[in-house]
Amino acid sequence: MKIKWNAWHVLLLVSVAMSLFPLLWMVSTAFKQPEQIFDDYANPVPLPPSWDNYVHVLTGVPLLRFFFNSFVVAIVVTAFQLVSSVLAAYAFTQFRFWGRNFLFYLVVASMLIPVLVTMLPNYLLISDMGLLNTYTGLILPQLANGMGVFLLRQAFRSVPPGLLEAARVDGASDWQRLWGVVFPAVRPTVVALGILFFINVWNEYFWPLLVINDEGMLTVPLALQLFINAEGGSSWGPMMAVATLASLPPLLAFLFVKKHIMSSFLHTGVKG
């Protein structure tokens, strides 16, 4: 049994090492000079480390503008998706109306539709509305999220009915029960879901690629394309520097609330 467990541990360690090596290579390449990258590309240790790639991307392109664009879109979309998910989940758990289950199944079914299927209709709509190259065009098709409604509905169902009944007896309205009783009880789930929304929007590439062709409106993932195209796609150092900087906000956000994320998924999986 001990040998069996040791074999599993070795396999897991090898799998983790293989998963982390691309990240390590990305970070190390960002600190390498061009000759180091091509002469010893497999060596993860830059000798000596250099900040030239970071200086180049911070001074050569409006990287701060790209970060600002990504933050604006990610924060606004995250806020709208959270609010719409909270309101819809409360309606599905607290109100009794005809077709409630059918509508919920439609919401769940929307999670199964590939994003690429809806991109062309959304693009045509945004184009007809004259919203190309605008924050509104980036944000508008992403105001709701079926996964958020599903997960929050599961979390809302775990709130003790006695708390809501006591608030109802005290004369609290639905709005007061939602924000005064239900929301505090599921706040960790909402926070974790918000981080997942933020990471998903921050890393979005294909939708901004369709909507944006003005360099001043580029988001961070699209900014990588500038370095991929530069010098025939050989600017590995600046490219990895941008990739490293772009990965920091979602990584820090995940590390900040990782316990909430794991406990929320475990919690929502218990309740049917």
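Concerning the environment of K258
Relative to the helices and strands, K258 is located in helix α15 (residues 258-270). Looking at K258, the relative accessible area reads 40%, which means it is partly exposed. Note: C-alpha distance between K258 and A192 (66 residues apart in sequence) is 7.5 Å.

Observations regarding empty space enclosed by the protein
Taken as a whole and judged by the stated rule, the model has 2 cavities of 30 Å³ or more. Within this model, the largest cavity holds a volume of roughly 80 Å³. For the lining of the largest cavity, the elements supplying multiple residues, two or more each, are α4 (63-94), α11 (187-202) and α12 (206-211). If one sorts the elements of the lining of the largest cavity by residue count, α4 sits on top with 3 residues. Residues of the lining of the largest cavity, tallied by class, amount to 8 nonpolar, 3 polar and 1 charged.

Section: the side chain of S50
Its location among the elements puts S50 in the loop between α2 (34-39) and α3 (52-60). From its side chain, S50 meets the backbone nitrogen of D52 in a polar contact 3.2 Å long. Residues in contact with S50, not counting those within four places in the same chain, are A30, F31 and Q33.

Focus: the layout of surface pockets
When its volume is computed, the largest pocket comes out at roughly 600 Å³. Together, 19 residues line the largest pocket, and V115, T118, P141, A144 and N145 are the ones closest to its centre. Those elements giving two or more residues to the lining of the largest pocket turn out to be α6 (115-128), α8 (146-156) and α11. At 4 residues, α6 tops the list of elements feeding residues into the lining of the largest pocket. One number sums up the size of the second largest pocket: a volume of about 330 Å³.

Calculation criteria
Residues numbered from 1 in each chain as written. Predicted model: local features only at pLDDT ≥ 70, side-chain atom pairs only at ≥ 80, totals over all residues. Heavy atoms only, no water. Helix = DSSP H or I, 4+ residues; strand = E, 2+ residues; numbered from the N terminus. Buried < 20%, exposed > 50% of the residue type's maximum accessible area, 1.4 Å probe, protein only. 1 Å grid on protein atoms, 1.4 Å probe; cavity = no way out; pocket = protein on both sides within 12 Å on 5 of 7 lines; lining within 4 Å. Points joined across faces, edges and corners; volume = space filled by probe spheres on them. Nonpolar A, V, L, I, M, F, W, Y, C, P; charged D, E, K, R; others polar. Polar contact = N/O pair within 3.5 Å; in protein donor to acceptor, adjacent residues only side chain to side chain. Contact = heavy atoms within 4.5 Å.

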